[in-house]
Amino acid sequence: MRLSIPDLSDSMGKSIAPPPGFALGTLTWTGPRSTGVQKSAAKAAKDEEKKRELRTKKAWDLAYSGAKSIPMNLIMMYMTGNSLQIFSIFFTVMMFWNPIKSLMGVNKVFLPLERSGDVDLTLPKLAFVGLQLINVLLALYKCQQMGLLPTTESDWLAFMDGAPHLERSVGRITF
């Protein structure tokens, strides 16, 4: 729908110059009631490409969301110490629980982007899983530092056989 542009000449026939920045013939109505105005195919393709790029950027933002908790976990690991106290145990459990919960819902995290179907989510999902596994490894390291993991030989003494006896002595009493 084209808007009708009034004649810009005054009653004496002199033409009035348009204001700066205004070009005749470029005024079109694109409001809600316009029926005949369509975006050009090139502009529509360009807009769709921008949307696809934004969805790709959003996928990578979601993938890197697990990395944001790594510095916080490192600081809290330092602050809680290596002793067995309720706070350090609670923190260690949460360090395990949150990444595992995120790994269980990886498809749920990327579901809004999967609906569009035009973004390849393989690499962002792999990055998301990798960063969550780094958080799990940090929790394992914290458990090892607290002495909760059996990593030394002395932790397995109950399952080890005793050393073999190389000599045997028998005492005898004679009368």
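What counts and how
- Residues numbered from 1 in each chain as written.
- Predicted model: local features only at pLDDT ≥ 70, side-chain atom pairs only at ≥ 80, totals over all residues.
- Heavy atoms only, no water.
- UniProt positions renumbered as here; feature names shortened; annotations may be inferred.
- Helix = DSSP H or I, 4+ residues; strand = E, 2+ residues; numbered from the N terminus.
- Buried < 20%, exposed > 50% of the residue type's maximum accessible area, 1.4 Å probe, protein only.
- Areas by Shrake-Rupley, 256 points an atom, 1.4 Å probe, with all protein chains shown as cover.
- Salt bridge = Lys/Arg side-chain N within 4 Å of Asp/Glu carboxyl O.
- Polar contact = N/O pair within 3.5 Å; in protein donor to acceptor, adjacent residues only side chain to side chain.
- Contact = heavy atoms within 4.5 Å.
- Axes fitted to C-alpha atoms, helices over the stretch in contact; angles between N-to-C directions.
- Parallel < 35°, antiparallel > 145°, perpendicular 65-115°, else oblique.
- Nonpolar A, V, L, I, M, F, W, Y, C, P; charged D, E, K, R; others polar.
- Expected span 1.5 Å × (residues − 1).

Per an unreviewed UniProt entry, the protein goes by ER membrane protein complex subunit 4 and derives from Allomyces macrogynus. Of the comments in the UniProt record for the protein, the one headed Sequence similarities (unreviewed entry) reads "Belongs to the EMC4 family." For the protein, the Subcellular location (unreviewed entry) comment in UniProt is given as "Endoplasmic reticulum membrane".

As a further point, take the overall build of the protein. When you go through the protein residue by residue, the secondary structure sums to six helices and zero strands. For the protein, the sequential pattern of α-helices and β-strands runs α-α-α-α-α-α. Residues classed as buried in the protein amount to 20% of the 175 residues present. As displayed, the protein offers around 14,000 Å² of accessible surface, 63% of which is attributable to carbon and sulfur atoms.

Once that is clear, we can look at the pattern of salt bridges. This structure, assessed with the given rule, holds four salt bridges. For Lys125, the salt bridge identified is with Glu114, shortest N-O distance 2.4 Å. You can see Lys125 sitting in helix H6 (residues 122-146) and its partner Glu114 sitting in helix H5 (residues 111-114), a full eleven residues away along the chain. A cluster of three or more residues bridged by salt bridges with shared partners is formed by Glu48, Arg55 and Asp118.

So, about the side chain of Lys125. Accessibility expressed as a relative area gives 19% for Lys125, which makes it buried. A distance of 2.9 Å separates polar atoms of two side chains, one belonging to Lys125 and the other to Asn107. Not counting the four nearest positions on each side in its chain, Lys125 is found in contact with Asn107, Phe110 and Glu114.

To describe two helices that pack against each other, one gives the angle between their axes and the distance between the axes. One way to put it is that helix H2 (residues 69-80) packs onto H6 with a least axis distance of 10 Å and a crossing angle of 5°. When the axes of H2 and H6 are compared, the pair comes out roughly parallel. For the pair H2 and H6, the contacting residues are Ser69, Ile70, Asn73, Leu74, Met77 and Thr80 in the first and Leu131, Ile134, Asn135, Leu138, Tyr141 and Lys142 in the second. Class assignment of the residues belonging to the contact of H2 with H6 gives a composition of seven nonpolar, four polar and one charged.

A few words on H6. The end-to-end C-alpha separation of H6 is 36 Å, in line with the 36 Å expected for 25 residues at 1.5 Å each. A positive phi of about 85° marks Gly147, the residue just after H6.

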